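Spelled out, the chains give:
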There are 2 protein chains.
Amino acid sequence: MAKNTVITVAAIQQTCQSQKQHNLNRSKDKIKAAAAKGADLVVLQELHGTAYFCQSESLTPFDLAEPIPGPTSHFLSACAKEYQVVIVGSVFEKRSSGVYHNTAVVFDKDGSFKGLYRKMHIPDDPGFHEKYYFTPGDHDNIAFSPIATSIGKLGVLVCWDQWYPEAARLMALAGADILLYPTAIGWDLNDNHDEKQRQLDAWITVQRSHAITNHLPVVSVNRVGHEADSTGATKGIQFWGNSFISGPQGEILSQASDAEEETLMAQIDYSRSNTLRQIWPFFRDRRIEAYGNILKRSL
Amino acid sequence: MAKNTVITVAAIQQTCQSQKQHNLNRSKDKIKAAAAKGADLVVLQELHGTAYFCQSESLTPFDLAEPIPGPTSHFLSACAKEYQVVIVGSVFEKRSSGVYHNTAVVFDKDGSFKGLYRKMHIPDDPGFHEKYYFTPGDHDNIAFSPIATSIGKLGVLVCWDQWYPEAARLMALAGADILLYPTAIGWDLNDNHDEKQRQLDAWITVQRSHAITNHLPVVSVNRVGHEADSTGATKGIQFWGNSFISGPQGEILSQASDAEEETLMAQIDYSRSNTLRQIWPFFRDRRIEAYGNILKRSL
């Protein structure tokens, strides 16, 4: 638990273009503005340095990958130090020849690197060909382990992880003070209005449920805007925004639109988690001796 | 998977009084009406035969307990046969001297007993002293195992179970076609409006999330109305109703009010679950080798 139980969180929802430095510079402006308003923690969206290149499978995007530390890490570290804010960023990581990850990186207010999280659940469906680009995370110690910072233990997860209650639960058991989901999700333009609405509602609902079942605040940061499919094979993706910050009862504290760039801010009081765990003590009653089949693929 | 992929579900939200036969007779009328409208499956609320006696700890309620089979089972079996509907009911079960359970029972359309589920997660907090009355379920085989009927495999869980994504996941892995939550939850009248709303929203959200993460329809049936605390120590509980039926994307198909008796009905198409598991294939990507700590109480 952080020393200070109340922190101010900022979630930066933005559009992205192909030029990395341009995207990073725009993020920097928004980080600066959030810090000026008192943000302790800034969460950027998934792969904020680039267009969402996973719409198709091509060799070209691999040129965007970089090591950690590397240019994006240095840039974010400098921002964190300059504006004295904890930053959670995202890097298309080249770990070694032929091994690439979708990786979140965390820098403390003094610019120091506090840790990384390599996306564990990798999606792959039309428009989201992530299994081509990213090796799933293979953390040596605890796979789902929060990253300790001066403003609390950050339960950093990424996008597709949000559909897995197992990931949120493991982060909570490992002592996370807050769950963070940098994300890039959007609509297939061939789907009708009702299907789009069901998908968006499902996305919000499932992340709110992680707050509820674990009594933890949740910050979900999604990209926004239309991005074309560079192959022209599809109509591209309309990233649906709707970034939000939720309290530990799943209550929405702040939520962005589905079309605009926006920086959300909210105050989070970590001490509420402990209180809620006394009011509705879910952790007390877990039937761990009967959960064994959770570790099976199929029964 | 059931032969017929489309079924009609009815959820009976009702008030309860102290006299068991009176409650059962009222349920019977509602079952009859639902069957007349084409229900294949009727789900009754938790402990529908009695007032919610767990508001306080007293010897008296133990007289309400009964074996399975026993009077309530016989009554429900006869209803199922008479109206040719699958019934999920609830019994305060006396299993042996000193061993009582909060148990769901399932009868098929021919009145045959198909199985039972003894509530695995038992709550205990002010107004809900269930640990005094109920031994947690200790199923010999798979703890969370769906009950096979002529209209599908029913993933029967009870009330407090609904806060545990592990329970829903285990039922899904074990082949459930649908998740059912007979429930008795309500407001502490000392809580303010905002807190009441957060609790209700959390309750709906968490159950919708089980639909979403497992691509399964969900039926949640709650009691409604105020019940006094027989000891007079508290203001009693205002059971908040809001029973609902959700499709496998977490979309609400039908929802009851917070104050009235109501029988919800909706059509469920089991085949959508399989389709959704192809569109958003969460089950494909579970990182079971990294989930081991889920089986721990605390890290």
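Residues numbered from 1 in each chain as written. Chains lettered and ligands numbered in written order. Predicted model: local features only at pLDDT ≥ 70, side-chain atom pairs only at ≥ 80, totals over all residues. Heavy atoms only, no water.

Draft legend 1. The arrangement of the confidence of the model for chain A in detail. Averaged over every residue, the pLDDT of chain A is 96; residues scoring 70 or more account for 98%. The complex prediction reports pTM at 0.97, with the ipTM value standing at 0.97. (pLDDT = per-residue confidence, 0-100.)

Draft legend 2. Focus on helix α2 (residues 71–83) of chain A. All names here are of chain A. Taking 1.5 Å as the rise per residue, α2 with 13 residues should run 18 Å; its terminal C-alpha atoms sit 18 Å apart, in good agreement. The set of residues buried in α2 consists of Thr72, Ser73, Phe75, Leu76, Ser77, Cys79, Ala80 and Tyr83. Directly beyond the C-terminal end of α2, a positive phi value near 50° is found at Gln84. (Helix = DSSP H or I, 4+ residues; strand = E, 2+ residues; numbered from the N terminus. Expected span 1.5 Å × (residues − 1). Buried < 20%, exposed > 50% of the residue type's maximum accessible area, 1.4 Å probe, protein only.)

Draft legend 3. Layout of the environment of Trp280 of chain A. Positionally, Trp280 of chain A belongs in the segment after α6 (271–279). Relative accessible area serves as the criterion here: at 14%, Trp280 of chain A is assigned to the buried category. Through-space distance from the C-alpha of Trp280 of chain A to that of Thr213 of chain A is 9.7 Å; in sequence the pair is 67 residues apart. Ignoring sequence-local partners within four residues, the contact set of Trp280 of chain A consists of His215 of chain A together with Trp160, Trp163, Gln199, Ala202 and Trp240 of chain B. (Contact = heavy atoms within 4.5 Å.)

Draft legend 4. Broad picture of the relation of the copies chain A and chain B. For the pair chain A and chain B, the best superposition has an RMSD of 0.0 Å and corresponds to a rotation of 180° with a translation of 0.0 Å parallel to the axis. Classification of the inter-copy transformation places it as that of a two-fold axis. The fraction of interface residues of chain A whose copies in chain B are also interface residues reaches 100%, indicating that both copies meet through the same surface. (Least-squares fit on C-alpha atoms with pLDDT ≥ 70 in both.)

Draft legend 5. Focus on the sheet that holds strand β4 (residues 99–107) of chain B. Residues and elements named next belong to chain B. If you walk across this open sheet you meet the six strands as β5-β4-β3-β2-β1-β15, and the pairing is mixed. The two strands at the open ends of the sheet, each matched to only one other strand, are β5 (113–118) and β15 (262–269). Strand-to-strand twist of the sheet, defined as the mean angle between neighbouring strand axes without regard to direction, takes the value 30°. As defined by bridge partners, strand β1 (residues 6–13) adjoins β15 across eight bridges and the pair is classed as antiparallel. Within the sheet, the bridge partner assigned to Val6 lies in β15 and is Asp269. The sheet strands contacting helix α2 (residues 71–83) are β2 (41–44), β3 (86–96) and β4, and the helix crosses β3 at an angle near 165°. (Pairing = 2+ DSSP bridges. Axes fitted to C-alpha atoms, helices over the stretch in contact; angles between N-to-C directions.)

Draft legend 6. Summary view of unusual backbone geometry. Residues and elements named next belong to chain A. Cis geometry marks the peptide bond from Ile68 to Pro69, where omega comes out at 0°. Considering the arrangement of structural elements, one finds Pro69 in the loop between β2 (41–44) and α2. The backbone of Leu47 shows a phi angle near 50°, a positive value even though the residue is not glycine. You can see Leu47 is positioned in the loop between β2 and α2.

Draft legend 7. Spotlight on the pattern of salt bridges. Residues and elements named next belong to chain B. Applying the stated criterion across every chain, the model contains 34 salt bridges over all chains. For Glu93, the salt bridge is made with Arg118, and the minimal N-O distance between the two is 2.7 Å. You can see Glu93 sitting in strand β3 and its partner Arg118 sitting in strand β5, a full 25 residues away along the chain. On the basis of relative accessible area, Glu93 is assigned to the buried category, the value being 2%. Judged by relative accessible area, which is 14%, Arg118 ranks as buried. For Arg284, the salt bridge goes to Asp285, with nearest N and O atoms at 2.8 Å. Taking relative accessible area as the criterion, Arg284 reaches 37% and is therefore assigned partly exposed. (Salt bridge = Lys/Arg side-chain N within 4 Å of Asp/Glu carboxyl O.)

Draft legend 8. Broad picture of the sheet that holds strand β14 (residues 252–255) of chain B. Residue and element names in this part refer to chain B. Within the open sheet, the six strands sit side by side as β6-β7-β8-β10-β13-β14. Their pairing is mixed. Here the strands that pair on one side only, and so sit at the sheet edges, are β6 (147–149) and β14. Sheet twist, expressed as the mean angle between neighbouring strand axes with direction ignored, is 20°.

Draft legend 9. Region of the structure containing the packing of aromatic side chains. Scanning the entire structure with this criterion turns up 50 aromatic pairs over all chains. Between Tyr52 of chain B and Phe128 of chain B the ring centres are 5.4 Å apart and the planes differ by 50°, which places this aromatic pair in the tilted class. You can see Tyr52 of chain B sitting in the loop between β2 and α2 and its partner Phe128 of chain B sitting in the loop between β5 and α3 (130–133), a full 76 residues away along the chain. The burial state of Tyr52 of chain B is the same as that of Phe128 of chain B; both residues are buried. One aromatic cluster is present, built from ring pairs that chain together Phe53, Phe62, Phe92, Tyr100, Tyr132, Tyr133 and Phe134 of chain A. When the ring centre of Phe283 of chain A is taken as reference, the NZ or CZ atom of Arg277 of chain A above it lies at 4.6 Å. (Phe/Tyr/Trp six-rings, centres within 6.5 Å; stacked < 30°, edge-to-face > 60°. Lys NZ or Arg CZ within 6 Å of the ring centre and 35° of its normal.)

Draft legend 10. Inspection of the interface of chain A and chain B at higher detail. Residue-level contacts link 55 residues of chain A with 55 residues of chain B. Taking both partners together, chain A and chain B bury about 5,500 Å²; carbon and sulfur atoms supply 62% of that area. Residues Glu166 of chain B and Arg169 of chain A are paired through a salt bridge, measuring 2.7 Å at the closest nitrogen-oxygen approach. The set of elements that each furnish at least two residues to the side of chain A that touches chain B consists of α4 (165–173), α5 (193–214) and α6 of chain A. (Buried area = accessible area lost by both parts, 1.4 Å probe.)

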